[in-house]
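Residues per chain, in single letters:
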Amino acid sequence: MATLLLALAIIFTGLYAGFMLTFQISVMPALARLSDDQFLPAMRRINEVVPRPAFLLLFLGIIAFPAAALAVPVDGRTDTQRWLIVAGLVCAVINHLITIVGNIPLNNALAAAENLSPAAPDSEVRAAFEPRWNLLHLIRTLFTLASFALLVGAALQ
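Right, let's walk through the structure included here.

**Let's talk about the packing of aromatic side chains**
The geometry of two aromatic rings is summed up by the distance between their centres and the angle between their planes.
Right, so step 1: All told, the structure shown has nine aromatic pairs when counted by the stated rule.
Right, so step 2: Centre to centre, the rings of Phe-19 and Phe-55 are 5.4 Å apart; their planes meet at 55 degrees, and the pair counts as tilted. Within this pair, whereas Phe-19 is found in helix α1 (residues 2-32), its partner Phe-55 is found in helix α3 (residues 53-71), the two being separated by 36 residues in sequence.
Right, so step 3: Judged by relative accessible area, Phe-19 falls into the partly exposed class, the value being 28%.
Right, so step 4: Where Phe-39 meets Phe-129, the ring centres are 6.3 Å apart and the plane angle is 55 degrees; that geometry is what we call tilted. Taken together, the residues Phe-39 in helix α2 (residues 36-49) and Phe-129 in helix α5 (residues 122-156) connect sequence positions 90 residues apart. Like Phe-129, Phe-39 is buried.
Right, so step 5: One aromatic cluster is present, built from ring pairs that chain together Tyr-16, Phe-19, Phe-23, Phe-39, Phe-55, Phe-59, Phe-129 and Trp-133.
Right, so step 6: Positioned above the aromatic ring of Phe-39 is the side chain of Arg-126, whose terminal nitrogen or guanidinium carbon lies 4.2 Å from the ring centre.

What follows is the structure in structure tokens.
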């Protein structure tokens, strides 16, 4: 059972890391090329579409499966394996904290700015959103990639 849970932790974390990396290296650079009046609605629509069941399953799975893998007793698991799984879980938790306290509030502020009257100029709304969101996204992407690598390392021990 523990092997299955670790495999699921690796799969879910790998898929999530790939999603995050895709945003980092392709989606956000493509959006950066848009004008302010194109960027803002595009980012708002992405923020509406992403938190759907498939994403939420990955989002929760990168915490649940490593935690479950740790909770199941295993004969022969080394301390190194245990610590690699713990470190992978910690990196995933940090990713979630950055998302919850950083990116989501920025997404919510971006959505709220759409309904302000009188509206702030698009350039100001974008300037308040894009650099901070991108920095936070880079940091959480790195933590997610680290989580994936640590979990793979645990499986290879």
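**Structural notes on the packing of α1 against α2**
Right, so step 1: Where α1 meets α2, the axes come as close as 10 Å, and the angle between the chain directions of the two elements is 140 degrees. Regarding the angle of α1 to α2, the classification is oblique. Contacts between α1 and α2 involve Phe-23, Val-27, Met-28 and Leu-31 from the former and Phe-39, Ala-42, Met-43 and Ile-46 from the latter.
Right, so step 2: Among the residues making up the contact of α1 with α2, the classes are represented as eight nonpolar, no polar and no charged.

**Topic: the layout of surface pockets**
Right, so step 1: Roughly 420 Å³ of volume is contained in the largest pocket.
Right, so step 2: Asn-47, Val-50, Pro-51, Ile-104 and Asn-107 are the residues nearest the centre of the largest pocket, which is lined by 27 residues in total.
Right, so step 3: Elements with a minimum of two residues in the lining of the largest pocket: α1, α2, α3, α4 (79-113) and α5.
Right, so step 4: Looking at the lining of the largest pocket element by element, the count peaks at eight residues for α4.
Right, so step 5: Split into classes, the residues belonging to the lining of the largest pocket amount to 16 nonpolar, six polar and five charged.

**Focus: the nonpolar core**
Right, so step 1: Core analysis: the largest hydrophobic core is formed by twelve residues, namely Phe-23, Met-28, Leu-31, Phe-39, Leu-40, Met-43, Leu-106, Leu-110, Ala-113, Val-125, Phe-129 and Trp-133.
Right, so step 2: Elements that contribute at least two residues to this core include exactly α1, α2, α4 and α5.
Right, so step 3: Apart from the residues within four sequence positions on either side, Leu-40 is in contact with Leu-110, Asp-122, Val-125 and Arg-126.
Right, so step 4: Core analysis: the next-biggest nonpolar cluster, separate from the first, contains nine residues, Leu-5, Ile-10, Ile-85 and Leu-151 among them.

About the criteria used
- Residues numbered from 1 in each chain as written.
- Predicted model: local features only at pLDDT ≥ 70, side-chain atom pairs only at ≥ 80, totals over all residues.
- Heavy atoms only, no water.
- Phe/Tyr/Trp six-rings, centres within 6.5 Å; stacked < 30°, edge-to-face > 60°.
- Helix = DSSP H or I, 4+ residues; strand = E, 2+ residues; numbered from the N terminus.
- Buried < 20%, exposed > 50% of the residue type's maximum accessible area, 1.4 Å probe, protein only.
- Lys NZ or Arg CZ within 6 Å of the ring centre and 35° of its normal.
- Axes fitted to C-alpha atoms, helices over the stretch in contact; angles between N-to-C directions.
- Parallel < 35°, antiparallel > 145°, perpendicular 65-115°, else oblique.
- Contact = heavy atoms within 4.5 Å.
- Nonpolar A, V, L, I, M, F, W, Y, C, P; charged D, E, K, R; others polar.
- 1 Å grid on protein atoms, 1.4 Å probe; cavity = no way out; pocket = protein on both sides within 12 Å on 5 of 7 lines; lining within 4 Å.
- Points joined across faces, edges and corners; volume = space filled by probe spheres on them.
- Core = buried A, V, L, I, M, F, W, Y, C linked by side-chain atoms within 4.5 Å.

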